[in-house]
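Descriptive structure summary
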Amino acid sequence: MRGEVLHYDEIQGFGFISGADGNRYTFTRENLRRETAMRKGAAVEFQPGGGQARDVFSITAPTAAHSAANPSVKAAPAQASVPSAVVPPAAQHFGRSSEIAEPGDLWGYFWRGVTQNYFNFAGRARRKEYWGYCLFWTVCLLIIGGIGLYTDMDMGGFDSDISGAITVGLCGTFLLATLLPSLGMIVRRVHDAGLSGWFALLGFITPIGSIALLVFGLLPSQVGENPWGPVPAGVRI
């Protein structure tokens, strides 16, 4: 997959890549195919897997090859035709400048959270993404619970020793299946506010868990790039 380097710390050997699919991937020095400088904005090829980029190597940008083959372009006087000769007319963008990274609706955020971002605990999530996920997570839980209640009543499950077994089973399966993507969403939302992902554990403390989850959803996005990546696509600063 092709992507763009968002950040790379050469001292610690750790960085982020924005893939052509709109997702962000982490990578380390060990994931580089060869030792080379990974500058911000550099185009790369990599193998995605589990939110991590492997076998990363840089590729030559078209503009660099054009400049090397035509060094006289830089020395030419400023004219109206010069910009079109230097800059390709159809540039390809990645990361937050790409509309592909934005699902476009609240359901899209939820679906991406339980599919592409199932094990993703890196990067950032804007408030719209967080609340879109929470909305449809609640809707799905209510629908599944309603199906369980209807089935239990139809089978006379509330008149037996295993009262409500189907309802409990369906809801419990849904909660377990969405535990990891839900935790990942909270961690990315906390990252977006500029806080450590460990703050997400506050949501599991019974007395203050609900309040903590509400506060996480209301915190504004941190301005500019932070240690967990750039500002998410669509955030107005």
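1. Some details on the pairing of strand E5 (residues 52-58)
As paired strands, strand E4 (residues 43-49) and E5 are joined by five bridges and run antiparallel to one another. Across the sheet, the residue bridging to Val-44 is Ser-58, located in E5.

2. Side note on the side chain of Asn-120
Structurally, Asn-120 can be placed in the loop between helix H4 (106-114) and helix H5 (127-154). A distance of 3.1 Å separates a polar atom in the side chain of Asn-120 from a polar atom in the side chain of Asn-117. Polar contacts involving the side chain of Asn-120 include one to the main-chain amide nitrogen of Ala-122, which spans 3.0 Å. Ignoring any residue separated from it by four or fewer positions in sequence, one finds Asn-120 in contact with Gly-184 and Arg-188.

3. A word on the confidence of the model for the protein chain
The predicted model of the protein chain has a mean per-residue pLDDT of 77, with 76% of residues at 70 or higher. Mean pLDDT in the protein chain bottoms out at helix H3 (residues 82-86), which sits at 40, and peaks at helix H7 (residues 179-192), which reaches 92. In this model, residues 61-101 is a region of pLDDT below 50 whose contacts with residues beyond four sequence positions or in other chains number 26 contacts.

4. Observations concerning the packing of H4 against H5
Running from N to C, H4 and H5 point in directions that differ by 80°, and their axes come no closer than 7 Å. Taken together, the axes of H4 and H5 are roughly perpendicular relative to one another. When H4 is examined against H5, the residues Leu-106, Trp-107, Tyr-109, Phe-110, Arg-112, Gly-113 and Val-114 are found in contact with a partner set consisting of Lys-128, Glu-129, Gly-132, Tyr-133, Leu-135, Phe-136, Trp-137 and Cys-140.

5. Looking at the nonpolar core
With 14 residues, the main nonpolar core has Phe-110, Tyr-130, Tyr-133, Met-185, Ile-186 and Phe-216 as its most contacted residues. Elements supplying a minimum of two residues to this core: H4, H5, H7 and helix H8 (209-218). For this core, the element with the highest residue contribution is H7, accounting for four residues. Not counting chain neighbours up to four residues away, the residues in contact with Tyr-130 comprise Met-185, Ile-186, Arg-189, Leu-213, Phe-216 and Gly-217. If you look at the next biggest cluster of nonpolar residues, it comprises eleven residues, including Val-5, Ile-17, Met-38 and Val-44.

6. Regarding H8
Where H8 is concerned, the buried positions are Gly-209, Ala-212, Phe-216 and Gly-217. Projected down its long axis, H8 carries its buried residues within an arc of 135°, all on one side. Exposed side of H8, more than 90 degrees from the buried face: Ser-210, Ile-211 and Leu-218 are the residues found there. Those residues of H8 that are buried are in contact with H5 and H7.

Quick notes on the rules
Residues numbered from 1 in each chain as written. Predicted model: local features only at pLDDT ≥ 70, side-chain atom pairs only at ≥ 80, totals over all residues. Heavy atoms only, no water. Pairing = 2+ DSSP bridges. Helix = DSSP H or I, 4+ residues; strand = E, 2+ residues; numbered from the N terminus. Polar contact = N/O pair within 3.5 Å; in protein donor to acceptor, adjacent residues only side chain to side chain. Contact = heavy atoms within 4.5 Å. pLDDT = per-residue confidence, 0-100. Axes fitted to C-alpha atoms, helices over the stretch in contact; angles between N-to-C directions. Parallel < 35°, antiparallel > 145°, perpendicular 65-115°, else oblique. Core = buried A, V, L, I, M, F, W, Y, C linked by side-chain atoms within 4.5 Å. Buried < 20%, exposed > 50% of the residue type's maximum accessible area, 1.4 Å probe, protein only. Arc of directions from axis to C-beta.

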